[in-house]
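Descriptive analysis of the structure
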Amino acid sequence: DTGVSQNPRHKITKRGQNVTFRCDPISEHNRLYWYRQTLGQGPEFLTYFQNEAQLEKSRLLSDRFSAERPKGSFSTLEIQRTEQGDSAMYLCASSLEGQNQPQHFGDGTRLSIL
Amino acid sequence: GEDVEQSLFLSVREGDSSVINCTYTDSSSTYLYWYKQEPGAGLQLLTYIFSNMDMKQDQRLTVLLNKKDKHLSLRIADTQTGDSAIYFCAERPGGYNKLIFGAGTRLAVHP
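Since this is a predicted model, take the numbers as computed values, not measurements.

Notes on the packing of aromatic side chains
One pass over the full model with this rule turns up 15 aromatic pairs over all chains. The interplanar angle of 20° and the centroid separation of 5.4 Å between the aromatic rings of Tyr 33 of chain A and Tyr 48 of chain A together place this pair among those described as stacked. Residue Tyr 33 of chain A is found in strand β4 (residues 31–37), and its partner Tyr 48 of chain A is found in strand β5 (residues 44–50); the two are separated by 15 residues along the sequence. Given a relative accessible area of 0%, Tyr 33 of chain A falls into the buried group. Both rings, one in Tyr 33 of chain B and one in Tyr 48 of chain B, keep their centres 5.5 Å apart while their planes meet at 25°; by these two values the pair is stacked. Placement of the pair is Tyr 33 of chain B in strand β4 (residues 31–37) and Tyr 48 of chain B in strand β5 (residues 43–50), with a sequence separation of 15 residues. Given the relative accessible area of 23%, Tyr 48 of chain B is considered partly exposed. Linked through ring pairs, Tyr 35, Phe 45 and Phe 105 of chain A together with Tyr 31, Tyr 33, Tyr 35, Tyr 48, Phe 50, Phe 88 and Phe 101 of chain B together constitute an aromatic cluster. Positioned above the aromatic ring of Phe 74 of chain A is the side chain of Arg 22 of chain A, whose terminal nitrogen or guanidinium carbon lies 3.9 Å from the ring centre.

Structure follows, in structure tokens:
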């Protein structure tokens, strides 16, 4: 499978716990994006990387959220002290560099906060 | 501001054509996209169009872009039950790498 891979597919945790999600992009893609999708809505942009550099962050990305892409390949998204409102699908996408390069999405990690 | 709007629901008979509409607000948008999402899955890229084009056809899919009115449509010919899903329109504002999505149109295909 050469698509974008996300793990885990589902995560259930208690409020206040920390969670970490992983995304493996398509191998030759140097851009990687994180989005959040709540029920009945379209995805909302959180942040993106070009190689290992985090180039843009949304105002949605509070200080409890941190994303890394240390070697320019896979990325992790960590949420500290989770809250009920963090329950959502977290989607990762990747693309080649260039305005005409489309973003390809993984199947997401669904986070449920008890 | 950045806003993408879509009608929420469309019901069609199997074999008919489906037309899903979208309006966007950012006139600097360079590319516009259609994605498909099935239950519990991520987004599948269907097609996209550059803002200096007014039509793009790809097998059963036809995208029409009216840049003056900031209106985008996706036509699916010979709609099948496997086309039942949520369809998202997205714009890529000029100078940005993020996508702005609409809330999605749920397409239901019935016999």
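Here the narrative resumes.
So, the side chain of Ser 58 of chain A
One can find Ser 58 of chain A in the loop between β6 (53–57) and β7 (65–68). In contact with Ser 58 of chain A, not counting residues within four places along its chain, are Phe 45 and Leu 46 of chain A.

Quick look at the environment of Thr 47 of chain B
Within the fold, Thr 47 of chain B resides in strand β5. For the pair Thr 47 of chain B and Arg 13 of chain B, spaced 34 residues apart in the sequence, the C-alpha separation amounts to 23 Å.

Remarks on the side chain of Thr 79 of chain B
All names here are of chain B. Position of Thr 79 among the secondary structure elements: in the loop between β8 (71–76) and β9 (85–92). Polar contacts involving the side chain of Thr 79 include one to the side chain of Ser 18, which spans 2.7 Å. Within the structure, Thr 79 has its side chain in polar contact with the backbone oxygen of Ile 76 (distance 3.3 Å).

What about the sheet that holds strand β7 (residues 61–66) of chain B?
All names here are of chain B. The 5 strands are arranged β1-β3-β8-β7-β6 in an open sheet whose pairing can be described as antiparallel. Only two strands of the sheet have a single partner each, and these edge strands are β1 (4–6) and β6 (55–58). Between one strand and the next, the sheet's axes are offset by a mean angle of 15°, whatever the strand orientation. Both β1 and strand β3 (residues 18–24) contribute to a ladder of 3 bridges, which runs antiparallel. Looking across to β3, one finds that Glu 5 is bridged to Thr 23.

Examining the interface of chain B and chain A
The partner chain A presents 24 residues to the 20 residues of chain B that form the contact. Where chain B abuts chain A, roughly 1700 Å² becomes buried across the two surfaces, and 48% of that area is made up of carbon and sulfur atoms. When residues of chain B are sorted by the area they lose upon contact with chain A, Leu 43, Arg 92 and Asn 97 of chain B head the list and together hold 28% of the total. The tally of links from chain B across to chain A stands at 0 salt bridges. Of all the elements, β4 of chain B adds the most residues to the side of chain B that touches chain A, at 4 residues. Here the side of chain B that touches chain A is composed, by residue class, of 12 nonpolar, 6 polar and 2 charged.

About the thresholds
- Residues numbered from 1 in each chain as written.
- Chains lettered and ligands numbered in written order.
- Predicted model: local features only at pLDDT ≥ 70, side-chain atom pairs only at ≥ 80, totals over all residues.
- Heavy atoms only, no water.
- Phe/Tyr/Trp six-rings, centres within 6.5 Å; stacked < 30°, edge-to-face > 60°.
- Helix = DSSP H or I, 4+ residues; strand = E, 2+ residues; numbered from the N terminus.
- Buried < 20%, exposed > 50% of the residue type's maximum accessible area, 1.4 Å probe, protein only.
- Lys NZ or Arg CZ within 6 Å of the ring centre and 35° of its normal.
- Contact = heavy atoms within 4.5 Å.
- Polar contact = N/O pair within 3.5 Å; in protein donor to acceptor, adjacent residues only side chain to side chain.
- Pairing = 2+ DSSP bridges.
- Axes fitted to C-alpha atoms, helices over the stretch in contact; angles between N-to-C directions.
- Buried area = accessible area lost by both parts, 1.4 Å probe.
- Salt bridge = Lys/Arg side-chain N within 4 Å of Asp/Glu carboxyl O.
- Nonpolar A, V, L, I, M, F, W, Y, C, P; charged D, E, K, R; others polar.

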